[in-house]
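If you want the building blocks of each chain, they are given just below.
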Amino acid sequence: MLLTPIYVRGRRKRRPSDEDDDAPKPIPSGPRGGRPLLSPQAKLNASQIRGHRRARLLTANPTKLRKKKHSLLENLPNELIEKIFLYSLNVNFARASPILSTAVSTERIYRALILLTLWDDSAEMPVSSGSRGSRNAIVRILRPLDYTPLSVAQRRELQTAILHCRWCTVQRILDQLPELMNLVVQRHWFGAGISMVKDQENALTRFLNQGGEVNVFEGFETTNTTPDVSTPAPTTNYTLSINPSVSITITNHAIGEQTTHPILSPLLIPDKYLQGSTAYDSASPSPAASDDGFSPALITYLEIHRLVLGFTTDTLPLTPPKHTLALSRPSLQQGIHTSLVSNNLPALLTLLKLDEYYFRVTEQAHITAQGQDQDTTAVVPYAIPATHFRTAVRFAPRDLEFFRTLVRANAESVPADDPEITEWAMRLQNPFGRWLLELMLRLPEQAAAAKRNPVQDSVFWMGRANAGRRELASWYLRDVLGGMESLESWMGDVQVRS
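Residues numbered from 1 in each chain as written. Predicted model: local features only at pLDDT ≥ 70, side-chain atom pairs only at ≥ 80, totals over all residues. Heavy atoms only, no water.

Undergrad: Outline the packing of helix α12 (residues 329-341) against helix α13 (residues 345-369), supporting the account with residue identities and numerical values.
TA: Relative to each other, α12 and α13 sit at 155°, their axes nearing to 9 Å. In this view, α12 runs roughly antiparallel relative to α13, as classed from their interaxial angle. In this structure, α12 crosses over α13, and the sense of that crossing is left-handed. In this structure, α12 uses Arg-329, Leu-332, Gln-333, Gly-335, Ile-336, Ser-339 and Leu-340 to contact α13, whose residues at the interface are Ala-347, Leu-348, Leu-351, Leu-352, Leu-354, Asp-355, Tyr-358 and Phe-359. Looking at the contact of α12 with α13 residue by residue, the class counts come to 10 nonpolar, 3 polar and 2 charged. (Axes fitted to C-alpha atoms, helices over the stretch in contact; angles between N-to-C directions. Helix = DSSP H or I, 4+ residues; strand = E, 2+ residues; numbered from the N terminus. Parallel < 35°, antiparallel > 145°, perpendicular 65-115°, else oblique. Left-handed = near helix turned anticlockwise from the far one by under 90°. Contact = heavy atoms within 4.5 Å. Nonpolar A, V, L, I, M, F, W, Y, C, P; charged D, E, K, R; others polar.)

Undergrad: Explain the packing of helix α17 (residues 431-452) against helix α19 (residues 471-480) to me, using residue names and the numbers behind them.
TA: It is at 11 Å that the axes of α17 and α19 come closest, and there the two elements cross at 175°. Here α17 is positioned roughly antiparallel relative to α19, judged by the angle of their axes. Contacts between α17 and α19 pair Pro-431, Phe-432, Arg-434, Trp-435, Glu-438, Leu-439, Arg-442 and Gln-446 from the former with Glu-471, Leu-472, Trp-475, Tyr-476, Asp-479 and Val-480 from the latter. In terms of residue class, the contact of α17 with α19 is made up of 8 nonpolar, 1 polar and 5 charged.

Undergrad: Describe the pairing of strand β2 (residues 236-243), naming the residues involved and giving the relevant values.
TA: Examined bridge by bridge, strand β1 (residues 216-221) and β2 share 6 bridges and lie antiparallel to one another. Residue Val-216 lies in a different strand from β2, and its bridge partner there is Ser-241. Alignment of β2 against strand β3 (residues 247-252), held across 6 bridges, turns out to be antiparallel. Paired with Ser-241 across the strands is Thr-249, a residue of β3. If you look at the hairpin formed by β2 and β3, you'll find 3 residues sitting between the two strands, and Ser-245 has a positive phi there, around 70°. (Pairing = 2+ DSSP bridges.)

Undergrad: I'd love a proper account of the nonpolar core, names of residues and values included.
TA: Ranked by internal contacts, the top residues of the largest apolar core, which has 127 residues, are Trp-189, Leu-204, Phe-403, Phe-432, Trp-435 and Leu-436. Counting residues per element, this core draws most heavily on α13, at 10 residues. For this core, the domains that each give at least three residues are domain 1 (106-224 + 234-262) and domain 2 (271-278 + 293-368 + 379-492). The contact partners of Leu-436, leaving out residues within four places of it in the chain, are Phe-403, Val-414, Ile-421, Trp-424 and Ala-425. (Core = buried A, V, L, I, M, F, W, Y, C linked by side-chain atoms within 4.5 Å. Buried < 20%, exposed > 50% of the residue type's maximum accessible area, 1.4 Å probe, protein only. Domains from an automatic or database assignment.)

Undergrad: Tell me about the packing of aromatic side chains, and name the residues and values.
TA: Under the defined criterion, the tally for this structure stands at 13 aromatic pairs. Aromatic pair Trp-119 and Tyr-147: ring centres 5.8 Å apart, planes at 40°, arrangement tilted. Of this pair, Trp-119 sits in the loop between α4 (107-118) and α5 (131-141) while Tyr-147 sits in the loop between α5 and α6 (152-163), and the two are 28 residues apart along the sequence. Note on accessibility: Trp-119 and Tyr-147 belong to one class, buried. With a centroid separation of 5.0 Å and an interplanar angle of 40°, the aromatic rings of Phe-403 and Trp-424 are classed as tilted. With Phe-403 in helix α15 (residues 400-409) and Trp-424 in helix α16 (residues 419-428), this residue pair connects regions lying 21 residues apart in the sequence. Relative accessible area serves as the criterion here: at 1%, Phe-403 is assigned to the buried category. Every member of this aromatic cluster is reached through a ring pair, and the members are Phe-389, Phe-403, Trp-424, Phe-432, Trp-435, Phe-460 and Tyr-476. (Phe/Tyr/Trp six-rings, centres within 6.5 Å; stacked < 30°, edge-to-face > 60°.)

Undergrad: Could you give me a rundown of unusual backbone geometry, with the residues and numbers involved?
TA: Of all residues except glycine, most have a negative phi; of all peptide bonds, most are trans. Going from Arg-143 to Pro-144, the amide bond is cis rather than trans, its omega being 5°. Mapped onto the elements, Pro-144 comes out in the loop between α5 and α6. Although it is not a glycine, Met-462 adopts a positive phi angle of roughly 55°. Relative to the assigned elements, Met-462 resides in the loop between β5 (460-461) and β6 (464-465). Taking the relative accessible area as the measure of exposure, Met-462 reaches 0% and is therefore buried.

This is the structure in structure tokens:
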């Protein structure tokens, strides 16, 4: 029988060979043995080795710190870096390095980029006596940018990039509204060759710089311009009406024509604004808005966009935006939910108006593209998610205004057999609760009628009560609103001060 060798890991101890029997044995360090003590010579050798090593370290040349080499672009003066960035108009330029980011992250750069991306400069400036002065004024406003007109496609790309930058806050955009208004006046008023007497021109300058009560100004166009422009003979009279933060309207009295030019030209509304995401303040990295994200500044921003886009009428055919607008309806629905949860009624009103008008004008364009524009009743019914009504019941059970606002947006979207809403309406014990219960009973036939003719047979059409055709609308005016004769469309209502 053979034994299997067992291998044990660990330090092996060498046994002295037979020829080493005469070698001196190590002296134990104590009576119990242990590690042997070093001999005096070994101690001396170890001490000398440590001393030599220490001396070499003390006398050695210190290692030179390797400095990070900057690129040729980073070594340029800030003024040249700004010029290169503004020439390229590429936001990724600032993300290439911290040095480039610091060089172009200034308020005057932010200001020039906001003005260029939100101002519609697609209209060609006519050749006239005042066009040169107007062009010089535009170049002066847009400094340090070397201004060149952008196409709609270029501006859409730039606007998408700028509005998604963290520094492009809502408040920064609102702060530039006076300058945007000045750009529009320079392009479409002075750039069209319209002159003004000194008093009117001075009043307009004061209004553009500081604002004021007077927002209507007179101008004229002459065929023979004299050196003394204070007393020219007008041949064609014009009137300039300014709706601050929204638009300017120029009236040509000779032909009775009015032309409106919006101050802003949005090509998209970012999802973060529609959803109520909080914009970051320039002075602090933390969110600076209300708890729900729909700060007063953000509501003003959305309301101004609704007005400049022309979402202010209920008359068919609806007026589409001048340029195609990129807007996400799912993000709008998320924002409506957020406004309900946070009990933010102004935000809810603006978002519902945006949602309904955008839906209807988009469907109208689709119907027109299919060749059905001859049929005035070819309107797709509008609806909002039923969950919004349940959210209003849960988060604002005592404030009826939120549920009533949703009903006015689209009464046919109320869920007919929802036990939670039914129980809530029964607990109200008021005219609105009784009207809501009656609506839920009649909802199947009412929804069918509204589907056939949304304009006239819905309970509400874009906020307007169809009291002349629907009994539920008449009942709402008589009992819920206390005997009001009519309830007009809410699209023309404005929540921002001019």
